[in-house]
Amino acid sequence: MQVQKDIVVPKPQIIMCEEKKKKEAKYVAMPHKQDPIFVSQKYLDELKLKNQNIPYFKIEDVFDDWKNAYKYFNNNYSNLNYYCRYISDQNFSIQEKDIDEKVDKLQDQILRQLDQMREKLKENLKEFKKYYQEKVEKYSKPFDKIKDDYEKFKHNLSTFKQDEKKSLDSLKQSLKPFVKKLVQTESKEDFKKDQIVEKVDDLRKNQPYYINSQIWDTYQQMIERSIIELQDSYISKNSFQQTQIPNKGFIFQIFQRIKHDKTFEQEPNQLQHLLTDKLRPLFSCSSEDLLKNLYNNKDDLKNNVIIALIRTSTDQSIGFYYNAKQKSKSLLFSLTKNIILPVKDGFELEMAEHESQSPTLKFGQDLILTSDFKKCTSILGDAFDLRGVDYKIAEKATYLANGVYFDIEHFELYRIEDEDLLKPIQLQIHKGPPFLPQNQQQQDIRTTNFVPQK
């Protein structure tokens, strides 16, 4: 009987860096017009300082799967690279056990945090109650003010006889001074000098915790919505079925910026259906027919409310919103990186008057589309405001499209037919600073999927 030998799983052997010979080579780098070399992390960092776009791959990753050779390639857009990055992004290797692990991990983490929150809230409550009993309850001045009248009213109320006029008169007489002190108004000066007011201010400023009993339900609803969104987003249907632009649910946030309405904050699904009904696809095409389509829809681009979605050769999904009636509301956005940039004052979408002119479309330096839609550029910060996302942007000339130059692979244009958005903005002159109600809360932006209809 032949004894089966244990299978030896192959693994990459240690290779030393060709430059830093005492350090282990973790990568293969491909300097321009040179043979590939084995490099350590330290030497790779030095090469990247000289050439940020140097191609390289991690030896261990490629040993596991050949497709990982393209994992670190940011500027190679061959068909094979596009395929490998797509496979990597979609993670087709995911198994049911992976979902179990993720959900179990999330469940354990949430339960652990809930247990910690339970104990923390109980500790805080004890300290709050101690302060309340020691400081607040022992302060008797407020009651001293109404004590005598209150006791008379309470006595008459407890001895009141329904059929006796004298009893009713006595009760009403005791009610007057009690109520008068409850609703007594004071001048502003007297109010400020009142010992009770001073004491309450002191108690309020020094209490260790403040109980906000209204907030629990609001946050619980937010958490429940977030869990549902996580479920719907992790493995989601491609609900943007008539588009070739991956939207990743972020398109909804863009529409919330376009159209504000309190109804939509309460029922966000209404916004989805409303915009689906009001959205009119004008065209969807590759760069081959793009120039002709843009000029066929020139009037809409110049005079109406439009939104454009673009897929670039650098595997980015970007776009812009332009409203000819409300030009100051324009937006530039990245669906891939989940950023929305508002336009600066004085900038608007420019379109060449003739097809022979280049660039065809221009939004400051932030988005310039050439007439052949090759080697387009984006240098952020000229026409659009970067405040709020500036910390994410290391290089303004490459951030939006992941490269200094990019080609247009696919372009889609939609018109939004909404009467509110067609109204010109009325300039209002304010004599003083704007009033912000105390109960106004920051908008809670939620994400969902959006389906344009033809």
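Structure first, text after, so check above.
Residues numbered from 1 in each chain as written. Predicted model: local features only at pLDDT ≥ 70, side-chain atom pairs only at ≥ 80, totals over all residues. Heavy atoms only, no water.

(A) Fine view of helix H5 (residues 141-158). For H5, built from 18 residues, the straight-helix expectation of 26 Å at 1.5 Å per residue is met to within 8% by its first-to-last C-alpha distance of 25 Å. If you check which residues of H5 are buried, you get Ile146, Asp149, Phe153 and Asn156. Check the buried side of H5 and you find it contacts helix H6 (165-182). (Helix = DSSP H or I, 4+ residues; strand = E, 2+ residues; numbered from the N terminus. Expected span 1.5 Å × (residues − 1). Buried < 20%, exposed > 50% of the residue type's maximum accessible area, 1.4 Å probe, protein only. Contact = heavy atoms within 4.5 Å.)

(B) Molecular detail of the sheet that holds strand S2 (residues 37-39). Ordered by their spatial adjacency, three strands build an open sheet running S2-S1-S3, and the pairing between neighbours is antiparallel. Two strands bound the open sheet, and with one partner strand each, they are S2 and strand S3 (56-58). This sheet shows a mean twist of 30° between the axes of neighbouring strands, independent of strand direction. Bridging between strand S1 (residues 27-29) and S2 involves three bridges; their strand directions are antiparallel. Bridge assignment links Tyr27 to a residue of S2, and that residue is Val39. Set on the sheet, helix H1 (residues 41-50) makes contact with S1, S2 and S3; between it and S2 the angle comes to about 110°. (Pairing = 2+ DSSP bridges. Axes fitted to C-alpha atoms, helices over the stretch in contact; angles between N-to-C directions.)

(C) Structural detail: the packing of aromatic side chains. This model, assessed by the stated rule, comprises eleven aromatic pairs. Ring geometry for Tyr27 versus Tyr56: centroids 5.8 Å apart, planes at 75°, classification edge-to-face. Taken together, the positions of Tyr27 in strand S1 and Tyr56 in strand S3 put the pair 29 residues apart, joining distant regions of the chain. As far as the burial class goes, Tyr27 and Tyr56 line up, both buried. An aromatic cluster is defined as three or more aromatic residues linked by ring pairs; in this entry it consists of Phe143, Tyr150, Phe153 and Phe178. Across from the ring centre of Tyr399, 4.2 Å away, lies the NZ or CZ of Lys337, which sits over that ring. (Phe/Tyr/Trp six-rings, centres within 6.5 Å; stacked < 30°, edge-to-face > 60°. Lys NZ or Arg CZ within 6 Å of the ring centre and 35° of its normal.)

(D) Expanded view of a nonpolar patch on the surface. On the surface, a cluster of nonpolar side chains totalling about 840 Å² of accessible area is made up of Leu111, Leu114, Met117, Leu121, Ile215, Trp216, Tyr219, Ile223 and Ile227. Among the elements of the structure, helix H4 (96-136) and helix H9 (215-234) are those that each provide at least two residues to the nonpolar patch. Broken down by element, the residue count for the nonpolar patch peaks at five residues, all from H9. Within the secondary structure, Ile227 is located in helix H9. (Patch = residues over 30% accessible without salt bridge, like charges linked within 9 Å, V, L, I, M, F, W, Y side chains within 5 Å. Areas by Shrake-Rupley, 256 points an atom, 1.4 Å probe, with all protein chains shown as cover. Salt bridge = Lys/Arg side-chain N within 4 Å of Asp/Glu carboxyl O.)

(E) The arrangement of the pairing of strand S5 (residues 305-312) in detail. Most of S5 sits inside the fold, with eight of its eight residues counted as buried. Residues Val305, Ile307, Leu309 and Arg311 point to one face of S5 and Ile306, Ala308, Ile310 and Thr312 to the other, with burial holding for every one of them.

(F) Main features of the pairing of strand S12 (residues 408-416). Among the nine residues in S12, seven count as buried, and that is most of the element. By the bridge criterion, six bridges tie strand S4 (residues 279-285) to S12 in an arrangement that is antiparallel. Looking across to S12, one finds that Pro281 is bridged to Tyr414. Pairing analysis gives seven bridges linking S5 to S12, with the strands arranged antiparallel. Bridge pairing links Ala308 to Leu413 in S12.

(G) Local environment of the nonpolar core. Counting residues in hydrophobic clusters, the biggest one holds 40 residues, and the most contacted among them are Leu294, Phe320, Leu367, Leu369, Ile408 and Phe411. Top contributing element to this core by residue count: helix H13 (residues 290-296), with four residues. Excluding residues within four positions of it along the chain, Leu369 makes contact with Ile310, Pro359, Thr360, Leu361, Cys376, Phe406, Ile408 and Phe411. Counting 18 residues, the second-largest nonpolar core is a separate cluster that includes Val305, Tyr321, Tyr414 and Leu421. (Core = buried A, V, L, I, M, F, W, Y, C linked by side-chain atoms within 4.5 Å.)

(H) Main features of the side chain of Asn124. Here Asn124 lies in helix H4. On the basis of relative accessibility, which here comes to 14%, the residue Asn124 falls in the buried class. Engagement of the side chain of Asn124 in a polar contact is seen with the side chain of Tyr209, the distance being 3.0 Å. (Polar contact = N/O pair within 3.5 Å; in protein donor to acceptor, adjacent residues only side chain to side chain.)

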